[in-house]
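# Fold and contact review
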Amino acid sequence: MIEQIKKTAVLNIKKALDLKGLEDLRIKYLGRKGELTRMLRGLKDLSLAERRRVGPAAQHLKKELERLIAEKKNELITNYQLPITSRFDVTRPGHRIKLGHIHPLTKIEEEIRHIFLSLNFSVVEGPEVETEYYNFDALNIPPDHPARDMWDTFWLKQSAKSGLFARSDLQRKSDLGQKNGRLLLRTHTSPMQIRYMETHNPPFQIIVPGVVYRHEASDATHAFQFMQIEGLMVGKDVSLANFKYIIEVFLKKLFGSDLEFRLVPHHYPFVEPGVDVYMKFSGKWLEVAGAGMVHRKVFEAVKYNPYEWQGFAFGFGLTRLAMIKYNIPDIRLFYSGDLRFIEQF
Ligand code: PHE
């Protein structure tokens, strides 16, 4: 009997796979109703001679099984605590890490920057909070000019804190023509024409990408905030023909070599003559830029001699170019922050 129990118990303990299995074995042999326990309890019914024979052997086995179980327990615990790498399941599927990407407006801006850099233009940027002088006056748009309606914008209330009270009409009048006059959110990137020419001498060619603001109701093609790319090239004999060549290269690089475009006369106070640029897109002519030869009044404002220098300026609606290029029907989608839209690019 004892030999029989010993044989299977020792074997089973050796084979135990985990702590739970080992505990089951302990109960099976040494528990209150365990096989060995029952046998020890039954000793009292045996004859003295048999008790003498079986008793010590059973006690001995009990000790031995307790020792074996304790040993096995230690072994299982140390195995369980092996470094995690040895239990690493290489067949499990991994976690996909979501990568972000740039916004379509940033994407097209970068592409446009590269095209103009390859045409030897420099890229400059300017402030979005402008003064009335740079946004209007210096660009030959006097206070009573109807063009100011077209460029209606957000005016900044100047607080007592910044030392500039909400101004009286009288003060406002004295602001006119002052470079540090009333503040507004720029309605176009054209103020950078003035700022750049004030601090640089011709000849040069620059582009100015940036955000602009208009006080207008938003719909599918209008937003109170959008992006433009201004261009300005000034030299001794820069002409409208040069302009046409530059934008032809630009538009064809951006939209493909079969692109069609045309120039249509248009009035802007800061150019003479002025044009609008239309490009053909799926059978329709779309206005994509205003442009023209820099007005002499603008040159005078920055103290260039209009008899010595001439140049062209243009302002593309960058947001509109992005809508055409990526076939986006509604300008508001750009600013919606909707991932279903953004993730398509
Ligand atoms: N600034 C003009 C606009 O916002 C565009 C323009 C730029 C026109 C340069 C002529 C020359 O509509």
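Everything numeric in this text was worked out from a predicted model, so none of it was measured.

This brings us to the site of the ligand. Around the ligand sit 15 residues, and of these H188, S190, R214, Q228 and G315 come closest. Between an oxygen atom of the ligand and a side-chain N or O atom of W151, the distance comes to 3.5 Å. In the complex, 95% of the free accessible area of the ligand, which totals 320 Å², lies under the protein chains. With three residues, strand β9 (residues 310-317) is the single largest residue contributor to the shell around the ligand. Taken together, the residues that form the shell around the ligand break down as seven nonpolar, six polar and two charged.

Moving on: the domain arrangement of the protein. Split by domain assignment, the protein resolves into domain 1 (2-84) and domain 2 (104-342). Between the C-alpha centres of domain 1 and domain 2 there is a distance of 91 Å.

The next thing to look at is the nonpolar core. Counting residues in each nonpolar core, the largest one holds 48 residues, and the members touching the most others are I112, F116, F250 and F316. Excluding residues within four positions of it along the chain, F116 makes contact with F121, I207, I246, F250 and F314. Y134, F204, V234 and V294 belong to the second-largest nonpolar core, a separate cluster that totals 29 residues.

Another aspect to go through is the packing of aromatic side chains. Enumeration according to the criterion identifies 19 aromatic pairs in this entry. Look at F314 and F316: their rings are 5.5 Å apart centre to centre, the planes differ by 75°, and that puts the pair in the edge-to-face class. Neither F314 nor F316 differs from the other in exposure class; each is buried. Where F341 meets F345, the ring centres are 5.2 Å apart and the plane angle is 70°; that geometry is what we call edge-to-face. You can call F341 buried: its relative accessible area is 7%. Taking the relative accessible area as the measure of exposure, F345 reaches 23% and is therefore partly exposed. Through successive ring pairs, a cluster of aromatic residues spans F116, F121, F243, F250, F312, F314 and F316. Sitting above the plane of the Y134 ring, R195 keeps its charged end 4.0 Å from the centroid. Against the face of W309 rests K236, its NZ or CZ located 4.2 Å from the ring centre.

This paragraph deals with the layout of surface pockets. The space that makes up the largest pocket amounts to roughly 710 Å³. Lining the largest pocket are 35 residues, with R214, F226, Q228, Y268 and E287 sitting closest to its centre. Elements represented by at least two residues in the lining of the largest pocket include exactly α7 (147-150), β5 (225-235), β7 (271-281), β8 (284-294), β9 and α12 (318-325). Taken as a whole, the second largest pocket encloses approximately 300 Å³ of empty space. Along its surface, the second largest pocket is lined by T221, F281, S282, K284, L286, R320, M323, I324, N327, I328 and P329. Broken down by secondary-structure element, the contributors of at least two residues to the lining of the second largest pocket are β8 and α12. A total of three residues in the lining of the second largest pocket trace back to one element, the largest contributor, which is α12.

What counts and what doesn't
- Residues numbered from 1 in each chain as written.
- Predicted model: local features only at pLDDT ≥ 70, side-chain atom pairs only at ≥ 80, totals over all residues.
- Heavy atoms only, no water.
- Near = heavy atom within 4 Å.
- Polar contact = N/O pair within 3.5 Å; in protein donor to acceptor, adjacent residues only side chain to side chain.
- Areas by Shrake-Rupley, 256 points an atom, 1.4 Å probe, with all protein chains shown as cover.
- Helix = DSSP H or I, 4+ residues; strand = E, 2+ residues; numbered from the N terminus.
- Nonpolar A, V, L, I, M, F, W, Y, C, P; charged D, E, K, R; others polar.
- Domains from an automatic or database assignment.
- Core = buried A, V, L, I, M, F, W, Y, C linked by side-chain atoms within 4.5 Å.
- Buried < 20%, exposed > 50% of the residue type's maximum accessible area, 1.4 Å probe, protein only.
- Contact = heavy atoms within 4.5 Å.
- Phe/Tyr/Trp six-rings, centres within 6.5 Å; stacked < 30°, edge-to-face > 60°.
- Lys NZ or Arg CZ within 6 Å of the ring centre and 35° of its normal.
- 1 Å grid on protein atoms, 1.4 Å probe; cavity = no way out; pocket = protein on both sides within 12 Å on 5 of 7 lines; lining within 4 Å.
- Points joined across faces, edges and corners; volume = space filled by probe spheres on them.

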